[in-house]
Amino acid sequence: MSNWNIWSVPVGIISLIIISPVLAIFYSALLGDTSLWPHLFSTVLPRYLLNTLILMIGVGSLSLFFGISTAWLVSRYEFPARSFFEWALLLPAAVPAYIIAYTYTDLLEYAGPVQGYLREFFNWQNSQDYWFPNIRSMEGAILVMSSVLYPYVYLLTRASFITLPISYFQTSAIYGRKPFFSVALPLARPAIIAGLALVLMETISDFGTVDYFAIETLTLGVFNVWLGMNSLSGAAQISSILFLIVVVLLTLELIARRNQRFYEKHSRQQTLELENVSNIKKILFFVICLAPLFLGFLIPISVLLNFVIKGYSIINFREIIDTTITSISISFVASLTIMFLSFLMVVVATYKSNTFQKSVIFLASCGYAFPGTILAVGIVVFVGWLNELFYFQISYFVGGFLVLIFAYTLRFLAIGNGSIRSGLTRINPNLIDASKTMGRSFLTTIKKIILPLTYTYILVGGILVFVDILKELPITLLLRPFNFETLATYVYQYASDEMLEESSFAALIIVLAGLGPVVFLSRTIKKYSLN
Amino acid sequence: MKNQFTRFIVFFILIFCFSESLYAKNEVNVYSYRQPILINPFFEEFTKKTGIKVNVLHAKKGLLERVIAEGANTPADLILTVDIARLNQFLKNDLLIEINSNVLSQNIPAHLKDSNNKWFALSKRARILAVSKERVPLNSIKNIEELAEPKWRGKICTRPGSHDYNRSLLASIIAANGVKKAEEWASNLVLNLARKPEGNDRAQVKAIHEGVCDVAVMNTYYFGKMKFNEKNPEQQEWAKSINLVFTNQENRGNHINVAGGGVLKYSKNKDNAITLLEFLTQPKAQELYSTMNFEYPVNSSVLLSEELNSWGEFKEDKLPIEQLAELAPTAQKIIDRVGW
């Protein structure tokens, strides 16, 4: 079956359009001269690469630990504040990594309250009198990045735990196996890996935190080559290495997962009931769940609130309300677009495509692995020729708006795809075949079977995307039309000058705007699991 | 539900189309590397005076690439940068037009503009040394070269070398002393650092205040911004703990860099753009640069603000600043090699 059909061809074309800016980056990488490489190899590149790997391993491990442990506890055990943690553990997702870097530095640096209190308490005179861990370090970066990135793992893993059929647990109980290691963990693997992949891509492409903490990663190297040596092609070449690292990672996972099934054989699913545990365990579980929430949400929010109170008089409410409306509208429209495309692409890739088409669709979601600004430059190059159409035939503002939606799609498609893909792995292929046998069209199959069964995953992905776009900075900064501010750009223009009082209220709004969807999402997941 | 959704979308589209009609015809579009909060007061003044509306897009990276990609279709008229190297890239990519304006040539001295009148500096800043009042006796350091001396081992703080400002400083040292000496200087400087380069210029002064180091490299305007920081009075304390040292006063003068601008080749509102550029060099705007941003005016007819005066007169390095841009890539390579 060659699979060049009415579904796969248009979706393939859409994927190609989406991936064009990435191709533009590659083109620029191949075109450019490579004379810089001997210099880079002999000086900074090994260091950048090593730091990048350490950061990835660190953030990956800690995020997995936070995400899986909490997801398991809230799905499996009854303990105090469990239903609060269910949704609250998602809150750190709404805190942008660059904000958390600022807030932690403010808190833990020499002049911050923590060290100030310690000095007073122990009567130390200056920094030579004692040792205190420097937050602007690799360990600091791993800690702060993990504490806002783990929700990707938590969310997807939890969605998976909730829908696990009880029959597997019963079987494992009969054989005396531990339910977590023998059932939950292996079966949640696609979801865990999807979450981990998002965490790693976010880590690789982060600029704000590593720049603020002065961690020399490949991304920082990209900017030094681009702006310091005026070599966009050199920067594109390093970016392409980053990209390859990600592609290798994702491919390894695909290969490893190839011959495994994760769906339930019976259509009637009964899911796990909560287990009662001893009081000591209850306290322990409470603490385990509180820790990441504390690190990723309560601390940064308290610091922000403190700034808001200090700088209350200088908050420009009018400006912030306008900016909030803009931000929410564009995030909403873009996340709808992205989830629609994601669903279409993943469904068609899974059921209607050959290997080549699958690869094209897969590649379309790799924009997530590039540093935002580099991706933005790729998009700028790609839409350059569209300007006539966009800016002068339609209108400058609408044109700029469309370009932004397109850019967000390229950037965040991976989140939508990852989430939907892990949903699809749970659908028994027999269902699809049965529908086919009954002569139903593919469209009907989508409507009657795939859509209802992946509903939770679509929501999960949509909300992650929404919150991510609210936070998105480098792409919005470069591609927006004139006089256009989102909450993130608003925060940035002050925060980059260390004017935190002015920016903290807008930063707080970013978090609050993400709060509503997060609570809604958690309710939906719960409702779904009860049905 | 579906209907509601359609209405929602239509509503948005209407808003965007409507907002488009709000754009005045008489306008000028600016791509700016400088934050809106720092330049908007200038534009408000300009609009009040001329009736020309100014639209701004601010980004710190990638505006050059955006202008190149947009080509003839670019909506941008004027580019404003905070660093000469960036400005020079626009020149190199042939994106700027030559402007023959009496106002500009009167207001801006020759070494602060392009020899073909394609770009113009609008304000200056000197990159100086901030030294601890307590721990560094007066006159114990006079030249930037001395930062490499062993007596400063473990006593110096800087932001990362690959920041524009440090790169440009190193470029000026390459121009003065040659590549080899400059690299020696940089690698000895790295040996002298009290801590891994991190944070911005202000953070280095803060480190002096905290006793982490004794000498830091800083742009002049940060001193004013810290000294008069009402919102964050703690910074006033940082400023109190340092003396300013203008370097190389007995030889080539202190390294300076500029913020500047130029009119884009494919500008649709060239006259307005030139008018704005001229406005920015006039005494009124030039005074704003010095009173609001603590930058040095380029227009020599403008008297320095009281504060700038209090920092003392200084001799500036008269190296044509184009050369800083030329040498920036060489400087970055040195920075990579010595790990600054």
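Okay, so let's go over this structure. These numbers come from a predicted model, not from an experiment.

A look at the overall build of chain A
Along its length, chain A carries 24 helices and two strands. Relative to the compact-globule value of 24 Å for 531 residues, chain A shows a C-alpha radius of gyration of 24 Å, a close match. C-alpha atoms of chain A, sized along the principal axes, occupy 75 × 65 × 50 Å. Going through the 531 residues of chain A one by one, you find that 53% of them count as buried. A sequence separation of at least 24 residues applies to 86% of the contacts in chain A between residues at least 6 apart.

A short note on the packing of helix H6 (residues 164–177) of chain B against helix H14 (residues 322–338) of chain B
Residues and elements named next belong to chain B. Where H6 contacts H14, the two axes come as close as 7 Å, and the packing angle between them is 105 degrees. With respect to H14, the element H6 is oriented roughly perpendicular. Contacts between H6 and H14 pair Arg167, Ser168, Leu170, Ala171, Ser172, Ile174 and Ala175 from the former with Gln323, Leu324, Leu327, Ala328, Thr330, Ala331, Gln332, Ile334 and Ile335 from the latter. Residue classes in the contact of H6 with H14 are distributed as 10 nonpolar, five polar and one charged.

Quick word on helix H3 (residues 63–70) of chain B
Residues and elements named next belong to chain B. Among the eight residues of H3, seven are classified as buried, and the element is accordingly described as predominantly covered. Of the residues making up H3, those classed as buried are Leu63, Leu64, Glu65, Arg66, Val67, Ala69 and Glu70. After H3 finishes, the residue Gly71 shows a positive phi value of roughly 50 degrees.

Re unusual backbone geometry
You will see that Ala81 of chain A, though not glycine, has its phi angle at about 65 degrees, which is positive. Along the chain, the position of Ala81 of chain A falls in the loop between strand S1 (77–78) and helix H4 (82–88). Phi angles above zero are rare outside glycine, and Asn139 of chain B is one such case at about 65 degrees. Note on placement: Asn139 of chain B falls in the loop between strand S4 (120–132) and strand S5 (156–157).

Rules used throughout
Residues numbered from 1 in each chain as written. Chains lettered and ligands numbered in written order. Predicted model: local features only at pLDDT ≥ 70, side-chain atom pairs only at ≥ 80, totals over all residues. Helix = DSSP H or I, 4+ residues; strand = E, 2+ residues; numbered from the N terminus. Rg over C-alpha atoms; globule rule 2.2 N^0.38 Å. Buried ≥ 20, exposed ≤ 12 C-beta atoms within 10 Å, placed from the backbone. Contact = placed C-beta atoms within 7 Å. Axes fitted to C-alpha atoms, helices over the stretch in contact; angles between N-to-C directions. Parallel < 35°, antiparallel > 145°, perpendicular 65-115°, else oblique. Nonpolar A, V, L, I, M, F, W, Y, C, P; charged D, E, K, R; others polar.

By themselves, these figures tell us nothing about what the structure is for.
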